[in-house]
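Inside the fold
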Amino acid sequence: RCVRLDDGADIAYDRLLLATTWLRPTILLLDDDPSILEIARYALGQELRVVTIDSPLQLFETLEREQPVVLLFEARLPSFDAIAFTRLLRGMPAYRDLPVLLLGGNLDSATSLAAYDAGIDERLAKPLIPLELRARVASRLERLRVERLTKGLHAMTAIPLPPRGGECLDQHSA
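Below is a summary of the structure that appears in this document. Every value quoted in this text rests on a predicted model; they were computed, and no experiment measured them.

Structural notes on the environment of Arg96
Tracing the sequence through the fold places Arg96 in the loop between α4 (82-90) and β6 (100-103). Classification of Arg96 by relative accessible area gives partly exposed; the value is 41%. Separated by 23 residues in the primary sequence, Arg96 and Gly119 place their C-alpha atoms 9.0 Å from one another. Not counting residues within four places of it along the chain, the set of residues in contact with Arg96 comprises Leu89, Arg90 and Gly91.

Right under this line is the structure:
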């Protein structure tokens, strides 16, 4: 149902939208190094909800339960193929657009290229630098927020937003 909002209501709607779209989004981090998990909680934990796991066996269950807006994981974990996992993730509609950051030090160029080909968005070197981690995650969140809002989706949930006042007029005049 469309209702035409006046300019004041449109502004209030925009403020409400901004206030509710990005309240403590969840970041999921998989790494078997406790110091990396701690650095991430320290660097990101003020503005973001950081969920950390140390085993790839928990990854799908945690993705499903937590619905993160950014996923970070270590490139070289025992019994975990990060590149194959990324390809699998990109093939799933629910996670196709999930920003993925790969963590790893000393990755050779072939591994880096294969990771980008599989669908990772960025690669972060280890040891993690807290300010760089924070900046990269913030950049990915902003890109995701703008992309979703441009598509008419709620920035955090990706649920379609109701049409705005001007859009209602266009629908009725067509």
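Quick word on the pattern of salt bridges
Per the counting criterion, the structure on display carries 15 salt bridges. Arg136 serves as the salt-bridge partner of Glu132, at 2.8 Å between the closest nitrogen and oxygen. You can see Glu132 and its partner Arg136 sitting in helix α6 (residues 130-150), four residues apart, about one turn around the helix. You can call Glu132 partly exposed: its relative accessible area is 28%. Salt bridges sharing partners connect three or more residues here, namely Arg90, Asp121, Glu122, Glu132, Arg136 and Arg140.

Digging into the layout of surface pockets
In this structure, the largest pocket encloses a volume near 290 Å³. If you go around the largest pocket, you meet 17 residues; those closest to its centre are Ala94, Leu98, Arg148, Thr157 and Ala158. Grouping the amino acids of the lining of the largest pocket by side-chain chemistry returns 11 nonpolar, two polar and four charged.

What counts as what
Residues numbered from 1 in each chain as written. Predicted model: local features only at pLDDT ≥ 70, side-chain atom pairs only at ≥ 80, totals over all residues. Heavy atoms only, no water. Helix = DSSP H or I, 4+ residues; strand = E, 2+ residues; numbered from the N terminus. Buried < 20%, exposed > 50% of the residue type's maximum accessible area, 1.4 Å probe, protein only. Contact = heavy atoms within 4.5 Å. Salt bridge = Lys/Arg side-chain N within 4 Å of Asp/Glu carboxyl O. 1 Å grid on protein atoms, 1.4 Å probe; cavity = no way out; pocket = protein on both sides within 12 Å on 5 of 7 lines; lining within 4 Å. Points joined across faces, edges and corners; volume = space filled by probe spheres on them. Nonpolar A, V, L, I, M, F, W, Y, C, P; charged D, E, K, R; others polar.

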